[in-house]
Amino acid sequence: MAAPLTATAPRRSRWRRAAAALLLAAVAAVHLEVSQRLAAGLDAARSAGALPPPIEVSFVRELQPAAPPPPPAVSRPRRQPRAAAAPPPAAAASAVADAATQAASEAQRELDPQPAVADAAQAEQARADPVQADPVHAEDMAQTAQPDMPPTAEAAASDAAASAFEWPPSTRLQYTLSGWYRGEVYGQAEVQWRRDGERYQVLLEVSVGPSFAPLLSRRMISDGELTADGLRPRRYDEVTQVGLGAPRQRTLRLDTDPVQLADGRTAPAMPGMQDTASQFVQLTWLFTLQPERLRAGQVVEFPLALPRRLERWRYEVVGDDRVDTPVGGVAAVHVRPSRETPSRSGRDLHAEVWIAPTLQYLPVRIHIRQDAETYVDLLLSGLPQQAAR
């Protein structure tokens, strides 16, 4: 009776090992299939001219926390002396009267030497104290010597500060993802800031599920140029893939007027316009130049190009906060969409960010919410990585 049981045990063990091997092979095949489909979708989009060529960069060092640098110091424009101009009528009349008075005084001195002595004393007093001698004329001279600052001087100083701003080198930030979508979800995310001369790219990649076989992945790409007013996006692309399905792409053309939305409609271009990915770097640029705007209650506003429309978006500064990350606690400032920002539940994604001044004003946490039951939370998983310059 014992012999059949002893012979069956090795057979079951062999079946279990074979089943485990088949399961691993199936997982590897799924992983390979997902990777190939995603790569094929991106390659097909690039070959059709749908995606801009990527900026190649190597991240070689970690960004260490440090006190934020002071904003660029810009000297105020120097006052330029006024060009000589013809005296106004009142000054001309005063000069004629002075000449007549001097001639009369000289004639009087020839007739009466005593008044001449008094006139000489008055003239000496006038030379010593011109304000008392002719206060109106002295005031005109003071205004001529110190002209007012031109009306555009303050704007010129602001433009000079923006021009002196040094854009950070290419940077990569990696995040762990948690959230809720019909249940708890987990995953990973990455933000890359890439630049080459005056061209930039911002890449935001989010994947839900295991990295080798994500249930959902979305890649957002902003491509444009650097200007004295910050980022100027030229186009925005969004590539989404669900499971093993084919990637779906939406593109906004922002370098035309009117701009081309993802659904084919158009909207008038607006100065300072940003897109879903570039807005985070634009906030970094703004707070680096104007750190005083990180005080609680401050509001930042700019046009935001969404896939279906273009609207003004308002962010308000909530206040100082502390974000606990795997690399330690990081002092940050919480910034969230203002209550006055348009909200269309189920259509728009609202992003709250926690800006870290000690990490070059980069976001250490991003909370993206669609509605009360759909959101993801991105938390920095390690120190940012940067290119050499």
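Residues numbered from 1 in each chain as written. Predicted model: local features only at pLDDT ≥ 70, side-chain atom pairs only at ≥ 80, totals over all residues. Heavy atoms only, no water.

Colleague: What's the story with the overall build of the protein in this structure? I'm lost.
Modeller: Looking only at helices and strands, one finds 7 helices and 17 strands in the protein. Within the protein, the fraction of its 389 residues that count as buried is 36%. Accessible surface for the protein amounts to roughly 22800 Å². Of this, 56% is attributable to carbon and sulfur atoms. (Helix = DSSP H or I, 4+ residues; strand = E, 2+ residues; numbered from the N terminus. Buried < 20%, exposed > 50% of the residue type's maximum accessible area, 1.4 Å probe, protein only. Areas by Shrake-Rupley, 256 points an atom, 1.4 Å probe, with all protein chains shown as cover.)

Colleague: Please clarify how the layout of surface pockets should be interpreted in this entry.
Modeller: Put simply, the largest pocket is a space of about 1000 Å³. Lining the largest pocket we find 36 residues, and of these Leu 216, Arg 218, Leu 349, Gln 370 and Thr 374 sit closest to its centre. Its residues placed into classes, the lining of the largest pocket shows 20 nonpolar, 7 polar and 9 charged. (1 Å grid on protein atoms, 1.4 Å probe; cavity = no way out; pocket = protein on both sides within 12 Å on 5 of 7 lines; lining within 4 Å. Points joined across faces, edges and corners; volume = space filled by probe spheres on them. Nonpolar A, V, L, I, M, F, W, Y, C, P; charged D, E, K, R; others polar.)

Colleague: I keep staring at helix H7 (residues 278-289) and nothing clicks. Help me out?
Modeller: An α-helix turns once per 3.6 residues; consequently, residues spaced three or four apart project the same way. With 12 residues, H7 should cover 16 Å at 1.5 Å per step; its first-to-last C-alpha distance of 17 Å lies within 8% of that length. Burial analysis of H7 places 12 of its 12 residues in the buried class, the great majority of the element. Taken residue by residue, H7 has Ser 278, Gln 279, Phe 280, Val 281, Gln 282, Leu 283, Thr 284, Trp 285, Leu 286, Phe 287, Thr 288 and Leu 289 as its buried positions. (Expected span 1.5 Å × (residues − 1).)

Colleague: Looking at this model, I keep getting lost on the pattern of salt bridges. Mind explaining?
Modeller: When charged atoms on two side chains of opposite charge get close, those side chains can pair. One pass over the full model with this rule turns up 15 salt bridges. Residues Asp 255 and Arg 253 are paired through a salt bridge, measuring 3.2 Å at the closest nitrogen-oxygen approach. The partly exposed category is assigned to Asp 255, whose relative accessible area is 32%. On the basis of relative accessibility, which here comes to 34%, the residue Arg 253 falls in the partly exposed class. Put simply, Arg 312 and Glu 301 hold a salt bridge, and the shortest N to O gap is 2.8 Å. Of the two residues, Arg 312 is situated in strand E12 (residues 310-325) and Glu 301 in strand E11 (residues 299-305); the sequence distance between them amounts to 11 residues. A residue is classified by how much of its surface remains accessible, and Glu 301, at 36% relative accessible area, is partly exposed. Bridged by salt links that share partners, the residues Glu 225, Arg 232, Arg 234, Arg 253 and Asp 255 form one connected network. (Salt bridge = Lys/Arg side-chain N within 4 Å of Asp/Glu carboxyl O.)

Colleague: Would you take a moment to explain the nonpolar core for this structure?
Modeller: One broad trend across soluble globular proteins is that nonpolar side chains are buried collectively. With 62 residues, the main nonpolar core has Trp 167, Tyr 175, Trp 193, Phe 287 and Val 364 as its most contacted residues. Ranked by the residues each element gives to this core, the list is headed by H7, at 7 residues. In this view, Phe 287 contacts Arg 293, Leu 294, Val 300, Val 335, Ile 355 and Tyr 361; residues no more than four positions away in its chain are not counted. (Core = buried A, V, L, I, M, F, W, Y, C linked by side-chain atoms within 4.5 Å. Contact = heavy atoms within 4.5 Å.)

Colleague: What should I look at first to understand the environment of Leu 349 in this one?
Modeller: Secondary-structure assignment places Leu 349 in the loop between strand E13 (328-337) and strand E14 (350-356). Residue classification places Leu 349 among the partly exposed residues on the basis of a relative accessible area of 36%. With 19 residues separating them along the chain, Leu 349 and Ile 368 place their C-alpha atoms 6.3 Å apart. What Leu 349 contacts, discounting residues up to four positions off in sequence, is Arg 218, Trp 313, Ile 368, Arg 369 and Gln 370.

Colleague: Looking at this structure, I do not really get the pairing of strand E7 (residues 248-253). What am I missing?
Modeller: Each regular strand displays side chains that alternate between the two surfaces of the sheet. Where strand E6 (residues 230-242) meets E7, 6 bridges bridge the pair, whose relative direction is antiparallel. Within the sheet, the bridge partner assigned to Val 239 lies in E7 and is Gln 249. The antiparallel pairing of E6 with E7 creates a hairpin that spans 5 residues between the two strands, and Gly 243 there sits at a positive phi of about 55 degrees. (Pairing = 2+ DSSP bridges.)

Colleague: Just to check I follow, could you spell out empty space enclosed by the protein for this structure?
Modeller: Regions of empty space are outlined by a rolling probe, equal in size to a water molecule, passed over the atoms. Counting across every chain of the model gives 2 cavities of 30 Å³ or more. Approximately 160 Å³ is the volume attributed to the largest cavity. Only strand E2 (171-181), strand E3 (184-196), H7 and strand E15 (362-371) provide two or more residues apiece to the lining of the largest cavity. It is H7 that contributes the most residues to the lining of the largest cavity, 4 residues altogether. Here the lining of the largest cavity is composed, by residue class, of 13 nonpolar, 2 polar and no charged.

Colleague: Help me understand the confidence of the model for the protein, please; the structure alone is not making it clear to me.
Modeller: The predicted coordinates should not be examined in detail at positions where pLDDT is low. When the pLDDT values of the protein are averaged, the result is 75; 61% of them are 70 or greater. When mean pLDDT is compared element by element in the protein, strand E17 (residues 385-386) scores highest at 97, while helix H5 (residues 135-145) scores lowest at 38. Counting interchain partners and residues more than four positions distant, the pLDDT-below-50 stretch residues 24-49 has 23 contacts. This stretch, residues 81-97, has a pLDDT under 50; its non-local contacts, to residues over four places away or in other chains, come to 6 contacts. (pLDDT = per-residue confidence, 0-100.)

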